[in-house]
Number of protein chains: 2
Amino acid sequence: MSKLTDVPKRILIGRALRSDRLGETLLPKRIALPVFASDPLSSVAYAPGEVLLVLSIAGVSAYQYSPWIAAAVVVLMFTVVASYRQNVHAYPSGGGDYEVANTNLGPKAGLTVASALLVDYVLTVAVSISSGVENLGSAWHFVIEHKVFSAMIMILLLTVMNLRGVKESGKLFAIPTYVFVAGVFLMIAWGAWRGIVLDESMYAPTADLEIRPEHQGIAGFALVFLLLRAFSSGCAALTGVEAISNGVPAFRKPKSRNAASTLLLMGALAVTMFCGIIGLALATDVRMAEQPAQDLLRDGVPVGDSYVQDPVISQVAEAVFGHGSILFMILAAGTALVLFLAANTAYNGFPLLGSILAQDRYLPRQLHTRGDRLAFSNGIVLLAGAAMLLVWLYDADSTKLIQLYIVGVFVSFTLSQIGMVRHWNRHLAAERDPAARRRMIRSRAINAFGATFTGLVLVVVLATKFTHGAWVALLGMVIFYGTMTAIRKHYDRVSREIAAAEGPSDDSVRPSRVHSIVLVSKVHKPTLRALAFAKLTRSDTLEALSINVDPAETKALREEWERRGINVPLKILDSPYREITRPVIEYVKGLRTENPRDAVSVYIPEYVVGRWYEHVLHNQSALRLKGRLLFTPGVMVTSVPYQLESSELAKRRARKRADWNAPGAVRRGLVDTPRKAGDRTGK
Amino acid sequence: MSKLTDVPKRILIGRALRSDRLGETLLPKRIALPVFASDPLSSVAYAPGEVLLVLSIAGVSAYQYSPWIAAAVVVLMFTVVASYRQNVHAYPSGGGDYEVANTNLGPKAGLTVASALLVDYVLTVAVSISSGVENLGSAWHFVIEHKVFSAMIMILLLTVMNLRGVKESGKLFAIPTYVFVAGVFLMIAWGAWRGIVLDESMYAPTADLEIRPEHQGIAGFALVFLLLRAFSSGCAALTGVEAISNGVPAFRKPKSRNAASTLLLMGALAVTMFCGIIGLALATDVRMAEQPAQDLLRDGVPVGDSYVQDPVISQVAEAVFGHGSILFMILAAGTALVLFLAANTAYNGFPLLGSILAQDRYLPRQLHTRGDRLAFSNGIVLLAGAAMLLVWLYDADSTKLIQLYIVGVFVSFTLSQIGMVRHWNRHLAAERDPAARRRMIRSRAINAFGATFTGLVLVVVLATKFTHGAWVALLGMVIFYGTMTAIRKHYDRVSREIAAAEGPSDDSVRPSRVHSIVLVSKVHKPTLRALAFAKLTRSDTLEALSINVDPAETKALREEWERRGINVPLKILDSPYREITRPVIEYVKGLRTENPRDAVSVYIPEYVVGRWYEHVLHNQSALRLKGRLLFTPGVMVTSVPYQLESSELAKRRARKRADWNAPGAVRRGLVDTPRKAGDRTGK
C-alpha cells in the first residue's frame, strides 16, 4: 500500500505548482478595476437618461431638479461604497452579500438575498444588452431597426462564448473599460472647455424639440413623488457595486486594502461620469420623454412612432464631438462594448452563486463541484433563457427593463448592510482592545447608516416602481425562493432518511453471504473479462446466467461453454416472451426470497464506445436491466467495462473537456483557476 | 443452490399456462380473414378509381378498356394468391418475404425486401389514411375541407393508440371488415338487380360531366403505355396480400391449410369487389380525371378548383343506394373504418419486421427483445413521422401517394417468389419420394410463374410510374438499405474485435489481484451498505476513498469514521479545484500503473429515487464519475443501490409498464402475446 502514497503527492505538486504562479495570476488594481467595475461603470450609460426621462413627465421645467437628484445619487453612492469597504475588510474571503446575510441574519435572509441576486443577474444581462444595442444603434442604425433581434444575437453570442469556456484575461476587460472611461472624461472636459472657456453653445440633436408634459403644473406631493421616482431611476447607477466584495481573493496583497481602494476609485469615477453627463445634458438642451412618439413635439407636431430616442450619452457626445465625428463613433462603440462586458459579468456571477447555494443544498448538489462543465452549462443556459425572455417581452427597451432592475439590488444592499451591523455587534461583544473596538464601532456606524439609507431607497423604489414592473422582479424572487426552499427541504428529508443509526454500524444493512451472477450472452472478450473479475472478487457462490431469447444462440453458447471448459456453472433462463429484464429480475428476487439475508451481486459486461450513435447500438438492454435491478433491495450491480477501439475518441474528448475553463476565472481569484487544472492533467 | 430450481419452474408454469390457453387464442378462419385481410380488401376502395383516373387521360372513350385491365388484375391476383399459398405451406413458421428471400437468395436480397417492406409500411399508413379521409369526406364534408389536418389527426390517433399498447381482439377487425365487405356486395347485387332485372338506369353524381382528354386520339405505343400505366395503378388492389404468410402461426390447426384457404377466400373477395365496382362505375357513367379541376367539364366549362372528386366507390354507392341514403352512409363509414384498420396493421408489421431485422443485426440489438416497450415506441414513432411527412408533402392525396406505393410491394413479391423457386430446387435435390416430388414440382411451377409475372409487373410499374413518384419510394428503400448495412457492418466489426481468442480463456483479460475502493462522502446508510457489500465480496485490499471538496465536511467525516470505529482505512484525496471526477480517476490510474496486472473495483453508493426531478438532485456526480471510470481499463464499477422511500413509485410504474401490450399481438400468433406476460407477473 505504501506505493500508493505518491498519488496524493502528485496532487500536492499540483497545488505547489499553483502557489508558484500565485503572483502572476493575482490582479493588480489597474486590472482589477476594469475587471470588477465594468458593470457599475457601464450603468452611467443609461442612469442619467432615466432621471431625465422621469422628470420630463412634469415637462422640461422639471429638468432643473436633476442636479439635486444627481447629488442624492452621489451621496448614496458614497454611502454604499463606504459600507462595502467594511464588508471587504470584514470578509477578505470574498463573502458576497449572500454569505454576509446568511451568517449574520440566518438562512431566510440569506436565501432572500440569493434570490434577489439571481434575479439581478438575469436583469443585468437584459438591461446591459438592451442599452448596449441602443448605444450601438446611435452610431449604426441597422442595429436599432432590428433591436430585439440584435439583442437576442448578442445574448446568444455571450452564451456560446461562456459555454465554450472563454479563457479571459484582465486585458479583455481593461481595454474597453478604459476606452469608455477615458472617452466619457474627455467628453466632459472638452464639453466644459467649449462651454465655459470658449463659451460656445452646443446643441444636442434633440435640442430643438419641445416636451409635452403628461401632467401640467405638477406640485406638492405629486412633485415629491415624481422626484423620488426620478431618484430611484438614477439609482440604476449603483448596480453592480457589490461585485468587488465577492472578488477580494483575486486581488494582490494586501488584498482587503487594495480591494477597498479599488472600490473607492470606482465610486469616484462613477459619480463623476454620472454628474458630468447630467450636466452636459442640461447644457446641451437634451430632450427626452418616456413616450417620445407622442410627448416630443417638433414645431408643435408629435414626432411619431418612427422617431428613435438615442441614449443621453450619445446625444451629449454628438453635441460635444459633433455628429459622426470619429470620437463620437469611438465613444459609442466603447459604451456598447463595456455594456456587453457588464452583461458578461453576470454569466460568471450566476453560476458562482449557484455553486455556493448548492453547497448549502439550496440547489442540486452537483452545481457545487467546480470545473464541472455540465453544471455550469445548466446555469448559463438558464440565465440566458430568462434574459432572452425578458428582452423579448419588453422588446429590448432598457427603460422598461430598468423598472424591474433596481429592486433586487437594494434588497441585497439593505440586508447585507444590516448583516454587517450584526457582524460588528458580535465582534464587539468579544473584542477588548480599545483601538480595535473604536475601529469596529466606526465601521458599525457606517454600515448602520448604509443600511438605513439603502433601506429607505428600497422603500422608495418599491413605492415608485412597483406598478411599473418591480412586481415582476419580486415575482421572480419569490419563484427562486420557493424552488430553493423546496430543494433544501428535499435534501433534508433524504438525509434524515439515510442518517445512519448509532453504534458501529446498524445490522439491517449487513448481509451474511453474497451470490455472484455474471450475465452472459455470448462467449467473447467482454464476457471472459467479466467472468475473470467476478472470480477475482471471491463470493460465496458464482454462476453465469444467460437468457434464452433465441434457442439457436443459446445452444451455441452452451456448446462453446463446454468446449472451453469454463469452470463456472452456466444457468439458462427461458424467456418465452423474448424479454431480458423480467426473467433476470425474477431470478434475482427468487434468490433473495430464499435467503433474505444474502446479497446478490450481478456482473454486467458493458461495451465502452466513443460515438454517440454507438450508444444506441450497444448496452441498451444492459442499462435498462441495471436500472430495474437497482430497485430490488440487497442487490449490487457491477459493470465490467470492455473498451472498444472507438472508446479512444471519447477519452480524448473527455480530456479536452477537463481542460475547459470555467468562465470568470479571473474575477474569482485563484482557487478555481481552471488553467492550473489543465496543467495538472498536463503531467 | 437446489432451492433455486423452482425459479425456472415458475417460468415453466408461465409457459404451461400458455399452452392451456392455446386453443382459445388461435384464430379461426372467420376471424383470421378480417384480421389479416383488412389491408388487401380495403385497397379495392381506391384501386378501381385509379384505373379510371389513368384511362381518363385518353378521354372517356378509354373507359372501355377498363374491363380488360380488371381482368388482368384478377389474373395477377390469383397468381399471387396461388404463389403465396406455396409460401404458407413451405414456411408454416410464418416466414415473411424477408425470411424467404434471406434464406434462399442471401442477405442482400433479404435486405432489399426488408427495405421495400419498411417503405411499404410507411406508405400503407399514408395511403390508407388519405383514402379513408376521402371516403369519410364523401359523406361528411367537413373532413374533406380540412383533408391534411384530418389525416394528421388520424395518424396521431393511431400512433397514440399503438404507443399505449391497445389490447386488440379479432372482433375489433371483424366487425368493420365484414360491414365493408357485406356493404360492397350488397351494393353490387342491388346495382345488378336494378340495372339488369329492373332495367333502371342509375347515374353517378358525375355522370353529367364531360372529360377533356389530355391527349386526343391516343393510339399505338402511347395507348399501350397508358393501358400499362392504368394496369399498374390497378395493382394497388394487391397490396397487403402477403400479410397472411407472416401470420400462419396465429391460425388454428391445421395452420398451413387454414391459412392457405383464408388466402384464397381473401383473393376471391377482393377480385369480385374490384370487378363489381369497376362494372358499376361503367354502368353508372362515373367520370373521374387526374386533374378534375380543369379536365372535368360541366356544360363545357371546367368545374374549377372548388370541385371535390369523390372516390369511385362512394360515387357508385350514391348511384345505387341514392344520395344521403342510410346504406350509403353506412358503406362510407365502413370503408373509412376498414381503411384506418389497414393503416393500423402497418403499426404492427413495422416493429415486428424491425425485431426480426434486429435479430439479424441490421437494426439496434434491443429492438429484438420483444415486450420491450421502448424499442416498439421508437419504431412506431419513426413510422408515424415518415407517414405524416408524406401525407403533408402530398397533401393527403391518395392518388399521388399511390404512385409511390406499388413499387415496394412488387419488389418483395418478385424476390420472395424467386426465393421460393430456389427453395423448391433445394428440396427437390434432396427429396426422393415421387409423390412429394410431384407436389414440389407443381409448387415450383406456380412460384416460377408468379415470379415471372410479378417481375414483369414490377418492370411495368417502374417504367410507367418512375417519374410519377416511384423514385421517391426507391430513394426511401436505398436509405433504409444503406442504414441497415452500415449498422450490420458496425456490429460485425465489433464482434470481430471482441471475439475471444482460442484456449480456455485468454490471459490478457485475467488480472491477478483486486483492490476495492468504496467512495464515501458522509457516513450514512448508503455508505455503510456499500462498505458492508464491499467487505462481503472479499478482495485483496479494501479502502474507503473520499474527496476533500470542503475541509469542514471532510473533518466531520474523519471524526465520524473514528468515532464509529469503522475498520476500513479511510483515504482522503485533496481536490484544490473542488472537482470529484479527476482526483478519483487519477488515483485509480495510479493504482493501475503501479500494479498493471491488478484490477480495481470501485464501489459507488447510489440513491434510487422515484421522481424524475429527484434524479436531477442525486447521483449526478456519481454517474459522471462512473462514466469516466469505465474508460480506464482494468476497472470495474459497482453501484450499491440504496432505495429511498420514493423509489416505490418508480417500482410501481415499472410494473405497470411490464404489463403493457405490444400492439398487433393477435396478428402475430401466440409466441409474443403480452397478455400472458401480464398474467405471469400477476402471480
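It should be emphasised that the depicted structure is a prediction, and the values quoted were computed from it without experimental measurement. (Residues numbered from 1 in each chain as written. Chains lettered and ligands numbered in written order. Predicted model: local features only at pLDDT ≥ 70, side-chain atom pairs only at ≥ 80, totals over all residues. Heavy atoms only, no water.)

Structural notes on the overall build of chain A
Quick note on the threshold: In this text, helices come from DSSP runs of H or I with a minimum length of four residues, and strands from runs of E with a minimum of two, each type numbered from the N-terminal end. Exposed residues in this analysis have more than 50% of their type's maximum accessible area, buried residues have under 20%, and partly exposed residues fall in between, with area computed by a 1.4 Å probe over protein chains only. The method behind every accessible area is Shrake-Rupley, applied with a 1.4 Å probe, and residues are considered shielded solely by the protein chains displayed.
A tally of helices and strands in chain A yields 25 helices and eight strands. Scored against the burial criterion, the 683 residues of chain A give a buried share of 60%. In the form shown here, chain A has an accessible surface area of approximately 26600 Å², with 64% of it arising from carbon and sulfur atoms.

Comments concerning the environment of Lys-253 of chain B
As for its placement among the helices and strands, Lys-253 of chain B is situated in the loop between helix H11 (243–246) and helix H12 (255–283). When the C-alpha positions of Lys-253 of chain B and Leu-382 of chain B are compared, they lie 36 Å apart, and in sequence the two are 129 residues distant.

Observations concerning the pairing of strand S7 (residues 599–608) of chain A
Residue and element names in this part refer to chain A. How we decide: Any two strands with at least two DSSP bridges between them are considered paired.
Judged by how many residues are buried, S7 sits mostly within the fold: ten of ten residues are covered. Burial of the side chains of S7 extends over both faces: Ala-599, Ser-601, Tyr-603, Pro-605 and Tyr-607 are buried on one face and Val-600, Val-602, Ile-604, Glu-606 and Val-608 on the other. Pairing analysis gives nine bridges linking S7 to strand S8 (residues 635–643), with the strands arranged parallel. Across the sheet, Tyr-603 pairs through a bridge with Thr-638, a residue of S8.

Let's talk about unusual backbone geometry
Residue and element names in this part refer to chain A. With omega at -5°, the peptide bond leading from Lys-253 into Pro-254 counts as cis. Within the fold, Pro-254 resides in the loop between helix H11 (243–246) and helix H12 (255–283). The phi torsion at Ala-396 lies on the positive side, around 50°, for a residue other than glycine. With respect to the element layout, Ala-396 can be found in the loop between helix H16 (373–393) and helix H17 (398–430). For Ala-396, a relative accessible area of 0% puts it in the buried group.

Regarding the confidence of the model for chain A
All names here are of chain A. This is how it is decided: As a per-residue quantity, pLDDT reports the predictor's confidence and falls between 0 and 100. Contact definition: two residues touch when any of their heavy atoms are within 4.5 Å.
Mean pLDDT over chain A: 82, with 87% of residues reaching 70 or higher. Confidence, read as mean pLDDT per element, is least for helix H25 (residues 674–682) in chain A (33) and greatest for helix H6 (residues 107–139) (92). Here residues 1–24 scores under 50 on pLDDT; set against residues more than four positions off or in separate chains, the count is 33 contacts. Overall, residues 669–683 carries pLDDT values under 50, and its contacts beyond four positions in sequence, including any with other chains, amount to 39 contacts. The complex prediction reports pTM at 0.71, with the ipTM value standing at 0.72.

Thoughts on the pairing of S8 of chain A
Of all nine residues in S8 of chain A, nine are buried, a share of seventy percent or more. Sheet topology places S8 of chain A next to strand S8 (residues 635–643) of chain B; three bridges connect them, and they run antiparallel. Residue pairing in the sheet places Thr-638 of chain A in a bridge with Thr-638 of chain B of S8 of chain B.

Concerning the sheet that holds strand S3 (residues 301–302) of chain A
Reading across from one edge, S1-S2-S3 (chain A) is the order of the three strands in this open sheet, with antiparallel pairing throughout. Two strands close off the open sheet at either side, each with one partner strand: strand S1 (210–211) and S3 of chain A.

A closer look at the nonpolar core
Generally speaking, nonpolar side chains in soluble globular proteins are found buried as a group. Keep this limit in mind: Residues belong to a common nonpolar core when they are buried Ala, Val, Leu, Ile, Met, Phe, Trp, Tyr or Cys residues joined through side-chain atoms within 4.5 Å.
Residues Ile-129, Met-187, Leu-238, Leu-357 and Phe-410 of chain B are the most contacted members of the largest nonpolar core, which totals 151 residues. For this core, the element with the highest residue contribution is helix H6 (residues 107–139) of chain B, accounting for 15 residues. Not counting chain neighbours up to four residues away, the residues in contact with Met-187 of chain B comprise Ile-277, Leu-280, Ile-313, Val-316, Ala-317, Val-320, Phe-321 and Leu-331 of chain B. Val-54, Val-74, Leu-363 and Phe-410 of chain A belong to the second largest nonpolar core, which has 150 residues in total.

A few points about the sheet that holds strand S3 (residues 301–302) of chain B
Residue and element names in this part refer to chain B. With respect to topology, three strands assemble into an open sheet ordered S1-S2-S3, the strand pairing being antiparallel. Strand pairing shows two members of the sheet lacking a second neighbour, strand S1 (210–211) and S3, which therefore form its edges. Across two bridges, strand S2 (residues 296–298) lies against S3 in antiparallel orientation. Paired with Arg-298 across the strands is Val-301, a residue of S3.

Focus: the environment of Tyr-405 of chain B
Residues and elements named next belong to chain B. Tracing the chain through its elements places Tyr-405 in helix H17 (residues 398–430). Residue Tyr-405 is classed as buried on the basis of its relative accessible area of 1%. Remark: the alpha-carbon pair of Tyr-405 and Val-127, spanning 278 residues in sequence, is separated by 7.9 Å.

Structural notes on the environment of Gly-627 of chain A
As for its position among the elements, Gly-627 of chain A is in helix H23 (residues 620–629). Sequence separation between Gly-627 of chain A and Val-637 of chain A is ten residues; the distance between their C-alpha atoms is 9.5 Å.

Describing the domain arrangement of chain A
The test is simple: Throughout the structure description, domain borders are defined by an automatic or database domain assignment.
Per the domain assignment, the segments making up chain A are domain 1 (25–490) and domain 2 (510–657). Each of domain 1 of chain A and domain 2 of chain A has a C-alpha centre, and the two are 59 Å apart.

With respect to the side chain of Asp-97 of chain A
Residue and element names in this part refer to chain A. What counts, and what does not: We score Asp and Glu as negative and Lys and Arg as positive, and we do not count His or the chain ends. A carboxyl oxygen of Asp or Glu within 4 Å of a side-chain nitrogen of Lys or Arg is what we treat as a salt bridge. Distance and chemistry together define a polar contact, namely a pair of N or O atoms within 3.5 Å, with one atom able to donate a hydrogen and the other to accept it when in protein, and with adjacent residues in sequence counting only for side-chain atoms on both sides.
Within the secondary structure, Asp-97 sits in helix H5 (residues 97–105). The buried charged residue Asp-97 lacks any salt bridge partner; its closest oppositely charged side chain belongs to Arg-426, at an N-O distance of 15 Å. Polar contacts involving the side chain of Asp-97 include one to the side chain of Ser-416, which spans 3.3 Å. Contacts of Asp-97, omitting those with residues within four sequence positions, involve Tyr-84, Asn-87, Val-113, Leu-117, Glu-242, Asn-246, Ser-412 and Ser-416.

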